[in-house]
Amino acid sequence: MLRESENAGIALKHADGGYRPDMNASRLPRLDSTAVLMAEGYAWLPGLFRRTDGHLVRARLMGRPAVALRGPDAVRFFYDEAHIRRGGALPEPVRGTLFGKGAVHGLDGETHRLRKAMFVSLLTAPDAVAALVEQVAEAWDDAVTGRQGRMVLFDEVSKVLTLAVCRWSGIPVDESEASAVARDLVSMIDGFATLGPRHWRARRARGRRERWLADVVKRVRSGSCVPPVGSVLDVVSAHRGADGRLLEPRIAAVELLNIIRPTVAISWFAVYAAHALYRWQECRDRLRTGDPSYGAAFVHEIRRFYPFAPFVGGMTVTDLDWQGEPIAADCMVFLDLYGQNHDKGLWGDPYAFRPERFLERPVERDELVPQGGGDPSTGHRCPGEAVTIRVLEALCRRLASLEYAVPPQNLSISLRRIPARIASGFVIILGK
């Protein structure tokens, strides 16, 4: 039997943060926390918040002053464009690997709203979401039906999601290419928060896939590739910016990746779900009953409990005041997503895995923030969050019904690694 630390492995530990325990939150720290962030990962901001009584902490990062906020009111404050801008706020390693240069995530104002409206129209229409879920279910069933033996779940789910989202998007990919495309999409996600080998793999992967999709866009515009009318590829290829011009092929490729890459990122949540089903058998038994309300609650608890995005950041547009604390213009501001999802004041027992909490009371939009907060239609909240929930629910039900054994392996989840993931990728033996 694996030890509890190997099975769960996600309890927060106190972060030193480089600060004196008696430091007042209103005083600017003199020590830079960049190295501490790299060492502590998800625990960095929660560790700082434990040293304060409020919902604001101060730090110095990359030589610049920064503040971090937490809580539903902070979410609304952070996503108000009169307070925080995203343009120019994302560090180059993040823009260069995860989102892509010129992506919607780094835009503000009318340019952002117009580009975001395109994403919302593609990712929130009920028929479109249902069609993507159907593609995922079909690809999953093809992958596991009649299969025997060892499977690394993370690798298989990422391939399934790649095939499904490309087919749904109208992007031409056959099954022989799917594994290579999936590896590159996973690399982009896996390497955005490190400067080591993972980062350079992500750089190379992004370059390959931007060139690939830019060429696809050019072929669509030339008429040599005809995607289904209204498909993602069709809409993005024809999208015009605020200046009335078509997106440059590379920018169109970036935004295509910003639809298919986050879908493949659901692999992280799907494998976390398998981890939870293994740790808490009662959840598996209940999912098998087909109760839709419990299925949704289970998915929400996966997204709350397990580590995904540690925080999001922006820059203040002017001198501001937050609950009596001054924040200067051009200051970095972080919203502590992981810490908020584990805030005792919001969740009561945040380190207990308990899907029932989402059946006991309605949870407000800005309380649960695994993928950011705010209004997905007008703000920077991920417009694909509804897709994540629906796709994950379909995969969770299939995992709960699948017969497999879990051999001895390293199931630890290190909070120092961003993004965190199960060390073994979650190996299963089918047909047992």
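Scoring rules and cut-offs
Residues numbered from 1 in each chain as written. Predicted model: local features only at pLDDT ≥ 70, side-chain atom pairs only at ≥ 80, totals over all residues. Heavy atoms only, no water. Core = buried A, V, L, I, M, F, W, Y, C linked by side-chain atoms within 4.5 Å. Buried < 20%, exposed > 50% of the residue type's maximum accessible area, 1.4 Å probe, protein only. Helix = DSSP H or I, 4+ residues; strand = E, 2+ residues; numbered from the N terminus. Contact = heavy atoms within 4.5 Å. Polar contact = N/O pair within 3.5 Å; in protein donor to acceptor, adjacent residues only side chain to side chain. Patch = residues over 30% accessible without salt bridge, like charges linked within 9 Å, V, L, I, M, F, W, Y side chains within 5 Å. Areas by Shrake-Rupley, 256 points an atom, 1.4 Å probe, with all protein chains shown as cover. Salt bridge = Lys/Arg side-chain N within 4 Å of Asp/Glu carboxyl O. Lys, Arg positive; Asp, Glu negative; His and termini not counted. Charge placed at Lys NZ, Arg CZ, Asp CG, Glu CD. Pairing = 2+ DSSP bridges. Expected span 1.5 Å × (residues − 1).

**Considering the nonpolar core**
Generally speaking, a soluble globular protein has its nonpolar side chains buried in company with each other.
(1) Moving on: By size, the foremost hydrophobic cluster in this structure holds 98 residues, and its most contacted members are Leu153, Phe298 and Ile302.
(2) Moving on: Of all the elements, helix α13 (residues 266-279) adds the most residues to this core, at 10 residues.
(3) Moving on: With residues near it in sequence (within four places) discarded, Leu153 still touches Trp140, Val271, Ala274, Leu399, Gly425, Phe426 and Ile428.
(4) Moving on: Membership of the second largest hydrophobic core comes to 18 residues, among which are Ala74, Ile84, Val333 and Leu337.

**What about the side chain of Arg303?**
(1) Moving on: Tracing the chain through its elements places Arg303 in helix α15 (residues 292-305).
(2) Moving on: A distance of 3.0 Å separates polar atoms of two side chains, one belonging to Arg303 and the other to Gln371.
(3) Moving on: Leaving out residues up to four positions away in the same chain, Arg303 has contacts with Phe269, Asn341, Leu368, Pro370, Gln371, Glu385, Thr388, Ile389 and Leu392.

**Re a negative patch on the surface**
(1) Moving on: Together, Glu134, Glu138, Asp142, Asp174, Glu175 and Glu177 make up a region of like negative charge exposed at the surface.
(2) Moving on: Sorting the residues of the negative patch by element identifies α7 (126-144) and α9 (175-190) as the ones contributing at least two each.
(3) Moving on: With 3 residues, α7 is the largest single contributor of residues to the negative patch.
(4) Moving on: Tracing the backbone through its elements, the reader meets Glu138 in helix α7.
(5) Moving on: With a relative accessible area of 44%, Glu138 lands in the partly exposed category.

**Examining the pairing of strand β10 (residues 427-430)**
(1) Moving on: Here β10 shows two buried faces, one formed by Val427 and Ile429 and the other by Ile428 and Leu430.
(2) Moving on: The sheet contact formed by strand β9 (residues 404-405) and β10 spans 2 bridges and is antiparallel. Bridge pairing links Ala405 to Ile429 in β10.

**A few points about α15**
(1) Moving on: Across its 14 residues, α15 extends 20 Å between first and last C-alpha, which sits within 8% of the 20 Å expected from 1.5 Å per residue.
(2) Moving on: Across the 14 residues of α15, 10 count as buried, placing the element largely inside the fold.
(3) Moving on: Looking at α15, one finds that the buried residues are Tyr294, Gly295, Ala297, Phe298, Val299, Glu301, Ile302, Arg303, Arg304 and Phe305.
(4) Moving on: Of the surrounding secondary structure, the elements contacted by the buried residues of α15 are α13, α14 (281-287), α16 (337-341), α17 (344-347), α18 (357-360) and α19 (385-401).

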